[in-house]
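The lines below spell out each chain.
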Amino acid sequence: MANDKTNASKLIDNRIRELGDWRGKTLSKVRAIIKEADPDVVEEWKWVKPTNPGTPVWSNNGGICTGETYKNVVKLTFFKGAALNDPSGLFNSSLDGKVRRAIDIKENDKTEEGALKNLIREAVALNLKSKKRSA
């Protein structure tokens, strides 16, 4: 049920409203950038547990990234980030991982929209390529 598209979008809307501070604004902004970069993106809400209300996830033919919020950062974790070309150096967290990479966005950080859109589009292209290989 939590992965129903409209329900997931409402849960993300609610999360942005609940935060009510710079983190909500930042999550809203990156969400808009993701949707601009990939109009076919699917919003999901995953990993709901008693200790966690859930996590926004954006996907297209596989996971693209998550949008987690912490006290001091909004963290975009790319599922296959290590395989993506990041000439702008947006990835600044989880750099030692073999698969994932993350972007920690702090309160006064400027979001490089063009570079982020490129990462989103590249992640989608990688998902499509992986899907074709497994078919």
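Basis of the calculations
Residues numbered from 1 in each chain as written. Predicted model: local features only at pLDDT ≥ 70, side-chain atom pairs only at ≥ 80, totals over all residues. Heavy atoms only, no water. Salt bridge = Lys/Arg side-chain N within 4 Å of Asp/Glu carboxyl O. Helix = DSSP H or I, 4+ residues; strand = E, 2+ residues; numbered from the N terminus. Buried < 20%, exposed > 50% of the residue type's maximum accessible area, 1.4 Å probe, protein only. Pairing = 2+ DSSP bridges. Axes fitted to C-alpha atoms, helices over the stretch in contact; angles between N-to-C directions. Parallel < 35°, antiparallel > 145°, perpendicular 65-115°, else oblique. Left-handed = near helix turned anticlockwise from the far one by under 90°. Contact = heavy atoms within 4.5 Å. Nonpolar A, V, L, I, M, F, W, Y, C, P; charged D, E, K, R; others polar.

**What about the pattern of salt bridges?**
For step 1, the next point in the chain: Here the structure, examined in full by the defined rule, presents nine salt bridges.
For step 2, the next point in the chain: With a shortest N-O distance of 3.9 Å, Arg15 and Glu18 are connected by a salt bridge. With Arg15 and Glu18 both in helix α1 (residues 5-19), this residue pair falls three residues apart, about one helical turn.
For step 3, the next point in the chain: Lys35 is the partner of Glu43 in a salt bridge, and the nearest nitrogen-oxygen pair spans 3.8 Å.
For step 4, the next point in the chain: Bridged by salt links that share partners, the residues Asp13, Arg31, Lys35 and Glu43 form one connected network.

**Observations concerning the pairing of strand β2 (residues 55-59)**
For step 1, the next point in the chain: For β2, the tally of buried residues reaches five of five residues, placing the bulk of the element in the interior.
For step 2, the next point in the chain: Taking every second residue as pointing to the same face, both faces of β2 are buried, with Thr55, Val57 and Ser59 on one and Pro56 and Trp58 on the other.
For step 3, the next point in the chain: Summarising the sheet, strand β1 (residues 42-46) and β2 pair through five bridges and their orientation is antiparallel. Bridge pairing in β2 links Glu44 to Val57.
For step 4, the next point in the chain: As judged from the three bridges shared by β2 and strand β3 (residues 63-69), these two strands associate in the antiparallel manner. Considered in β3, the bridge of Trp58 is made with Cys65.

**Quick look at the packing of helix α2 (residues 22-37) against helix α3 (residues 113-134)**
For step 1, the next point in the chain: Contact geometry for α2 and α3: axes closest at 9 Å, N-to-C directions at 55 degrees. Here α2 lies oblique to α3, going by the angle between them. For the element pair α2 and α3, the recorded crossing hand is right-handed. Residue-level contacts link Lys29, Val30, Ile33, Ile34, Glu36 and Ala37 of α2 to Glu113, Leu116, Lys117, Ile120 and Arg121 of α3.
For step 2, the next point in the chain: When its residues are assigned to classes, the contact of α2 with α3 shows six nonpolar, no polar and five charged.

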